[in-house]
Amino acid sequence: MSHFLSVRDLARDDVARLFALTAALKAKQKVRDRVTPLQGRTMALIFEKPSLRTRVTFEVAMVQLGGAAVYLSAQEIGLGKRESVPDIARNLSRWVDVVGARVFSHRTLDQMAEHASVPVINALSDLEHPCQAVADFFTLWERGLDLAKLRLAWVGDGNNVCHSVLLLAALCGTSAVVASPPGFEPEPAILEACRDLGGRVRLTTDPREAAEGANVIYTDTWISMGQEAERERRLEAFQRYQLNETLLSFADPEVLVMHCLPAHRGEEITDAILDGPRSVILDQAENRLHAQKGIIIHLLGGE
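Below is a short write-up of the structure. (Residues numbered from 1 in each chain as written. Predicted model: local features only at pLDDT ≥ 70, side-chain atom pairs only at ≥ 80, totals over all residues. Heavy atoms only, no water.)

What to know about the overall build of the protein chain
No. 1: Along its length, the protein chain carries 13 helices and 9 strands.
No. 2: Its C-alpha radius of gyration of 19 Å places the protein chain within 12% of the 19 Å reference for a compact globule of 303 residues.
No. 3: Projecting the C-alpha coordinates of the protein chain onto the three principal axes gives extents of approximately 55 × 45 × 35 Å.
No. 4: Look at the contacts in the protein chain between residues 6 or more apart in sequence, and 76% of them connect residues 24 or more apart.
No. 5: Here the protein chain has roughly 12800 Å² of accessible surface; of this, 49% comes from carbon and sulfur atoms. (Helix = DSSP H or I, 4+ residues; strand = E, 2+ residues; numbered from the N terminus. Rg over C-alpha atoms; globule rule 2.2 N^0.38 Å. Contact = heavy atoms within 4.5 Å. Areas by Shrake-Rupley, 256 points an atom, 1.4 Å probe, with all protein chains shown as cover.)

Put into structure tokens, the structure is as follows:
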């Protein structure tokens, strides 16, 4: 794996190795056993979109692994405006060991990877959020769950996070069902890729049907960055898709609730569910740090 732009860049064996590496790194961090395989290594972080979890976890990951991170906002480098994406990629490749980019368009990542001579990591694009999905499935795996026996329900917008979750579900053998309003389904190309990987994915417009017997229910905000102008239309379309106690009652009694955050409390999820005993949402957020450490080390050829 030379870049990590999509879950599709992982092989099944990569997932198992990545989870084991992530678990080892997390265990060492918990007992303050410093592991610094990236001493003297540097990561450039390009952010067209702001973030709490992504920025903090990548910067802290590099510090804890003995390296350093350089944060570059869209205003600072004028990605594709002040300077072309290929030129930025070529320059950064002379200075840093790895690039993480959080961008509006996935095409930007493709261009960057094409012209960079160092690994490029997708820290979020309009198509996928693969680092989030790795942290999510690691969160389930570390609880000792058999991923191949799980039934995961995605309720809400078939967005970039949904795409990565479905692709990794396919790699892990997890059965998935997506409940979304008409017009908000995952992209057909993603569904086809899931099926090519042997994934079991089903679509429905009924959130209760999706929740029926689910071991995991995952939701995300209905209005992502850049979609504010669609707020009223989206709120109307998604009003039946709130993750609340009623919807949860259709799921397995031991169901786990997931959300990639930030959450719009009272819209896609209620406080009682987000903060409740079935929620593993903060575990997901915590595991972004450890999973991204594993991804960086994996790309740089470390152990």
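Having seen it, we continue.
Quick notes on helix H1 (residues 12-30)
No. 1: With 19 residues, H1 should reach 27 Å at 1.5 Å per residue; the first-to-last C-alpha distance of 27 Å fits that figure.
No. 2: Considered for burial, the residues of H1 that qualify are Asp14, Val15, Leu18, Phe19, Leu21, Thr22, Leu25, Lys26 and Gln29.
No. 3: Elements in contact with the buried residues of H1: helix H2 (53-64), helix H6 (130-141), helix H7 (160-172) and helix H13 (281-299).
No. 4: In the stretch just after H1, Arg32 is the one whose phi turns positive, near 60°. (Expected span 1.5 Å × (residues − 1). Buried < 20%, exposed > 50% of the residue type's maximum accessible area, 1.4 Å probe, protein only.)

Overview of the packing of aromatic side chains
Any two aromatic rings considered together are summarised by their centre-to-centre distance and by the angle between their planes.
No. 1: Enumeration according to the criterion identifies 8 aromatic pairs in this entry.
No. 2: Aromatic rings pair up to connect Phe184, Trp222, Phe238 and Tyr241 into one cluster. (Phe/Tyr/Trp six-rings, centres within 6.5 Å; stacked < 30°, edge-to-face > 60°.)

Brief notes about the nonpolar core
A general trend in soluble globular proteins is that nonpolar side chains are found buried together.
No. 1: Within the largest apolar cluster, 59 residues are counted, with the highest numbers of intra-cluster contacts made by Ile121, Val134, Phe137 and Leu168.
No. 2: Take this core: its biggest share by element is 10 residues, from H7.
No. 3: With 25 residues, the next largest nonpolar core counts Ala179, Phe184, Ile223 and Leu274 among its residues. (Core = buried A, V, L, I, M, F, W, Y, C linked by side-chain atoms within 4.5 Å.)

Things to note about the sheet that holds strand S5 (residues 151-155)
No. 1: Taken in spatial order, the 5 strands make up an open sheet running S7-S6-S5-S8-S9, and their pairing is parallel. Sheet topology places strand S7 (200-204) and strand S9 (256-259) at the edges, where each strand pairs with a single neighbour. Neighbour-to-neighbour, the strand axes of the sheet open up by a mean angle of 20°, direction not taken into account.
No. 2: Note: S5 against strand S8 (residues 216-219), 3 bridges, orientation parallel. Within S8, the residue paired with Trp154 across the bridge is Tyr218.
No. 3: Packed on one face of the sheet, H13 meets S8 and S9 and runs near 50° to S9. (Pairing = 2+ DSSP bridges. Axes fitted to C-alpha atoms, helices over the stretch in contact; angles between N-to-C directions.)

Describing H7
No. 1: An ideal rise of 1.5 Å per residue puts 18 Å on 13 residues; H7 measures up with 19 Å between its terminal C-alpha atoms.
No. 2: Burial analysis of H7 places 13 of its 13 residues in the buried class, the great majority of the element.
No. 3: The N-capping residue of H7, defined by a side-chain oxygen 3.2 Å from the backbone nitrogen of Val161, is Asn159.
No. 4: Of the residues one or two after H7, Gly173 is the one with positive phi, at around 80°. (Polar contact = N/O pair within 3.5 Å; in protein donor to acceptor, adjacent residues only side chain to side chain.)

What about the sheet that holds strand S2 (residues 68-73)?
No. 1: Spatial strand order, S2-S1-S3-S4: 4 strands in an open sheet with parallel pairing. This sheet does not close on itself; its edge strands, each paired only once, are S2 and strand S4 (120-124). On average, adjacent strands in this sheet sit at an angle of 20° to one another, irrespective of strand direction.
No. 2: Sheet topology places strand S1 (residues 42-47) next to strand S3 (residues 98-102); 5 bridges connect them, and they run parallel. Paired with Ala44 across the two strands is Val99, which belongs to S3.

Focus on the packing of H6 against H13
No. 1: One can describe the packing of H6 onto H13 by two numbers: an axis separation of 8 Å at closest approach and a directional angle of 115°. One element, H6, and the other, H13, form an angle in the roughly perpendicular class. Taken as a pair, H6 and H13 cross one another with a handedness that is right-handed. Where H6 approaches H13, its residues Cys131, Gln132, Val134, Ala135, Asp136, Phe138 and Thr139 are matched on the opposing element by Asp283, Gln284, Asn287, Arg288, Ala291, Gln292 and Ile295.
No. 2: Class assignment of the residues belonging to the contact of H6 with H13 gives a composition of 6 nonpolar, 5 polar and 3 charged. (Parallel < 35°, antiparallel > 145°, perpendicular 65-115°, else oblique. Left-handed = near helix turned anticlockwise from the far one by under 90°. Nonpolar A, V, L, I, M, F, W, Y, C, P; charged D, E, K, R; others polar.)

What to know about the side chain of Thr204
No. 1: For Thr204, the position within the fold is in strand S7.
No. 2: For Thr204, a relative accessible area of 11% gives the class buried.
No. 3: Those residues in contact with Thr204 that sit more than four places away from it in its chain are Val177, Val178, Ala179, Ser180, Glu209 and Ala210.

Some points on the pairing of S1
No. 1: Extensive coverage of S1 is indicated by the burial of 5 of its 6 residues.
No. 2: Relative to S2, S1 runs parallel, the two being bridged by 6 bridges. The residue of S2 that forms the bridge with Phe47 is Ser73.
No. 3: Handedness of the crossover is the feature at issue here: the chain leaves S1, passes through H2, returns alongside S2, and the resulting connection is right-handed. (Right-handed = clockwise from strand over helix to strand, strands pointing away.)

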